[in-house]
Amino acid sequence: MADPESNPTTVEETDPDVEEVDEEEEEDDVPPNQTALGLTSQLMQNPQVLAALQSRMDGIVGTPSGYIQSLPKSVKRRIKALKKLQFDSSKIEGDFYKEVHELECKYATKYIPLFEKRSKVVTGGVEPTDDDCDWPSDEEKEDEKDEVKNKAKIGDAEKADSEDKEKKEDNEGADVKGIPSFWLTVFKNVDMLSEMIQDHDEPILNHLQDVKVKFLSGEEMGFTLEFQFESNKFFNNTLLTKTYTMRSEPDEADPFSFEGPEIIKCKGCEIDWVKGQNVTVKTVKKKQKHKGRGTTRTITKTVQNDSFFNFFSPPQVPEDESEMDEDLEALLAADFEIGHFIRERIVPRAVLYFTGEALENDDDFDEEEEEGEEEGEYDEDADPDYNPQDAA
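Everything in this summary refers to the structure shown in the same document. (Residues numbered from 1 in each chain as written. Predicted model: local features only at pLDDT ≥ 70, side-chain atom pairs only at ≥ 80, totals over all residues. Heavy atoms only, no water.)

1. Regarding the overall build of the protein
Moving on, step 1. Helix and strand counts for the protein come out as 15 helices and six strands.
Moving on, step 2. Considering only contacts within the protein whose residues lie at least 6 apart along the sequence, 57% involve residues at least 24 apart.
Moving on, step 3. Element-wise, carbon and sulfur atoms account for 48% of the exposed surface of the protein, whose accessible area totals about 30400 Å². (Helix = DSSP H or I, 4+ residues; strand = E, 2+ residues; numbered from the N terminus. Contact = heavy atoms within 4.5 Å. Areas by Shrake-Rupley, 256 points an atom, 1.4 Å probe, with all protein chains shown as cover.)

2. Section: the packing of aromatic side chains
To describe a pair of aromatic rings, you give the distance between the ring centres and the angle between the ring planes.
Moving on, step 1. What the rule picks out here adds up to 21 aromatic pairs.
Moving on, step 2. Relative to Phe115, the ring of Tyr111 has its centre 5.8 Å away and its plane inclined at 10°; by these criteria the two rings are stacked. With Tyr111 and Phe115 both in helix α6 (residues 73–123), this residue pair falls four residues apart, about one helical turn.
Moving on, step 3. On the accessibility criterion, Tyr111 (46% relative accessible area) is partly exposed.
Moving on, step 4. Between Trp183 and Phe187, the aromatic rings sit 6.3 Å apart at their centres with planes inclined by 55°, giving tilted as the arrangement. One end of the pair is Trp183 and the other is Phe187, both in helix α9 (residues 182–189) and four residues apart, which spans about a single turn. In terms of burial, Trp183 and Phe187 fall into one category: buried.
Moving on, step 5. Taken together, the ring pairs connect Phe182, Trp183, Phe187, Phe227, Phe229, Phe235, Trp273, Phe308, Phe309, Phe311, Phe312 and Phe354 into an aromatic cluster.
Moving on, step 6. The ring of Phe311 carries the charged tip of Lys242 above its face, separated from the ring centre by 3.4 Å. (Phe/Tyr/Trp six-rings, centres within 6.5 Å; stacked < 30°, edge-to-face > 60°. Buried < 20%, exposed > 50% of the residue type's maximum accessible area, 1.4 Å probe, protein only. Lys NZ or Arg CZ within 6 Å of the ring centre and 35° of its normal.)

3. Some words on the pattern of salt bridges
Moving on, step 1. Counted by the stated rule, this structure contains seven salt bridges.
Moving on, step 2. Lys91 serves as the salt-bridge partner of Asp88, at 3.8 Å between the closest nitrogen and oxygen. One end of the pair is Asp88 and the other is Lys91, both in helix α6 and three residues apart, which spans about a single turn.
Moving on, step 3. Residue classification places Asp88 among the partly exposed residues on the basis of a relative accessible area of 30%.
Moving on, step 4. The salt bridge involving Glu202 is made with Lys188; its shortest N-O contact spans 2.9 Å. Within this pair, whereas Glu202 is found in helix α11 (residues 202–205), its partner Lys188 is found in helix α9, the two being separated by 14 residues in sequence.
Moving on, step 5. By relative accessible area, Lys188 is classed as partly exposed at 39%. (Salt bridge = Lys/Arg side-chain N within 4 Å of Asp/Glu carboxyl O.)

4. Notes on unusual backbone geometry
Note on backbone geometry: most residues besides glycine have negative phi, and most peptide bonds are trans.
Moving on, step 1. At Ser181, a position not held by glycine, the phi torsion is positive, near 55°.
Moving on, step 2. Mapped onto the fold, Ser181 is located in the loop between α8 (156–171) and α9.

5. Quick word on the sheet that holds strand β3 (residues 239–247)
Moving on, step 1. An order of β1-β2-β3-β4 is seen for the four strands of this open sheet, with the pairing classed as antiparallel. Two strands lie at the open edges of the sheet, namely β1 (208–216) and β4 (262–267), each paired on one side alone. In this sheet, adjacent strand axes meet at a mean angle of 20° when their direction is disregarded.
Moving on, step 2. By the bridge criterion, eight bridges tie strand β2 (residues 221–229) to β3 in an arrangement that is antiparallel. Looking across to β3, one finds that Phe227 is bridged to Leu240.
Moving on, step 3. Along the sheet, α6 contacts β1 and β2; its crossing angle with β1, the most-contacted strand, is approximately 165°. (Pairing = 2+ DSSP bridges. Axes fitted to C-alpha atoms, helices over the stretch in contact; angles between N-to-C directions.)

6. Details of the nonpolar core
As a rule of thumb, nonpolar side chains are buried together in soluble globular proteins.
Moving on, step 1. Judged by nonpolar contacts, the single largest core of 45 residues is most densely connected at Phe187, Phe227, Phe309 and Ile342.
Moving on, step 2. Elements supplying a minimum of two residues to this core: α9, α11, β1, β2, β3, β4, α12 (326–346) and α13 (350–355).
Moving on, step 3. With seven residues, α12 is the single largest residue contributor to this core.
Moving on, step 4. Apart from the residues lying within four places of it in its own chain, the contact partners of Phe187 are Leu193, Ser194, Ile197, Leu208, Val211, Phe227, Phe308 and Ile346. (Core = buried A, V, L, I, M, F, W, Y, C linked by side-chain atoms within 4.5 Å.)

7. A few points about the environment of Ile346
Moving on, step 1. Mapped onto the elements, Ile346 comes out in helix α12.
Moving on, step 2. Linking Ile346 and Val190, residues 156 residues apart in sequence, is a C-alpha distance of 9.0 Å.
Moving on, step 3. Excluding residues within four positions of it along the chain, Ile346 makes contact with Trp183, Val186, Phe187, Val190, Leu193, Phe341 and Tyr353.

8. Considerations on the side chain of Arg343
Moving on, step 1. Position of Arg343 among the secondary structure elements: in helix α12.
Moving on, step 2. Among the polar contacts listed, one links the side chain of Arg343 to the side chain of Glu104, at a separation of 2.9 Å.
Moving on, step 3. Sequence-distant contacts of Arg343, that is, excluding residues within four places in its chain, are made with Glu104, Val213, Phe215, Phe223, Leu225, Met246 and Pro348. (Polar contact = N/O pair within 3.5 Å; in protein donor to acceptor, adjacent residues only side chain to side chain.)

9. Considerations on α6
Moving on, step 1. Between its first and last C-alpha atoms α6 spans 70 Å; for 51 residues at 1.5 Å apiece the expected length is 75 Å, and the two agree.
Moving on, step 2. At Tyr111, α6 is bent by approximately 35°, the largest bend along its length, and proline Pro113 sits one to four residues beyond.
Moving on, step 3. Looking at the packing, one finds that the buried side of α6 touches α9, β1, β2 and α13.
Moving on, step 4. Downstream of α6 by a residue or two, Gly124 has a phi angle that is positive, lying close to 85°. (Expected span 1.5 Å × (residues − 1). Bend = angle between axes of the 7 residues up to and from the residue.)

Here it is, written out as structure tokens:
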């Protein structure tokens, strides 16, 4: 039989008087790294320290790391070769977008008959046939269900009254021509356009009959927006135009900023306003006081007035881009965005913006973007500490 004193392990497992103690509890000395962490935590809670760090980081953001500058000349020479290849790639990309534009011009002609028929229906020039109107509607389905239920409950006399009521409903609006205020409703349903429309613009936009897009092919790439009006008491024009010129090749001054076709300038048209009907200007009266005599006089000035029709008098793009200030750049950017949106979304899907269905789809897309942001998607380009090797 083995001696229990010769086996200390057995004593520790069987002796109830032996207390197991964690090694961490026995260590009285705090490791240096824990001390440093505690000190760092205290410093980060100091607002003055945080402000100093933020100021320091603001100075670092956007500054080169010095890595490229430290490379040997032979490596820098190879980087130049890569940049030249990148430039050649951009030129190929420009050719690609030119061909896409030509294809867009080709298919635009196929839409013309459809858009012309749309215009005739909107203006009342054509009454659509039953076959033209054969399209499912959720509202009509609900009405049919209610009608079946009601007919099952009522008697013969009541059925006759119900049929007379249906005939009256069918005849309602028989004197209404086309779809009233179609384009005005479309514009007012779109936020970026509704902000431009003033109360005094609405009676004029009620005369708008159609909006078209004509693509410019050849050397000058771009498109023209055509706004067709019926005769009205406000101006003598029946057609207002806005032409946008696009660039689909790299800019020689900054070739690596090329990301596809972009609008570079636009040109409006002159509106032949009837006297006293120009809503883009207003008359204001100002009183001026003479410094010496103290007498006052009233002068009348004509100043620009907020109006949708200022859209046809855009600011000119200066030939020298260095002359463009921030305000002018913002105005042009907003104008280009509106023109692109009318061309890309409103003209092809006008009826969906009239009913609001296109807006619901746009809202769903925006919500998905917001949800993605809330989930905290990681942007490696915005992370100054991102290391591709660590990510791998």
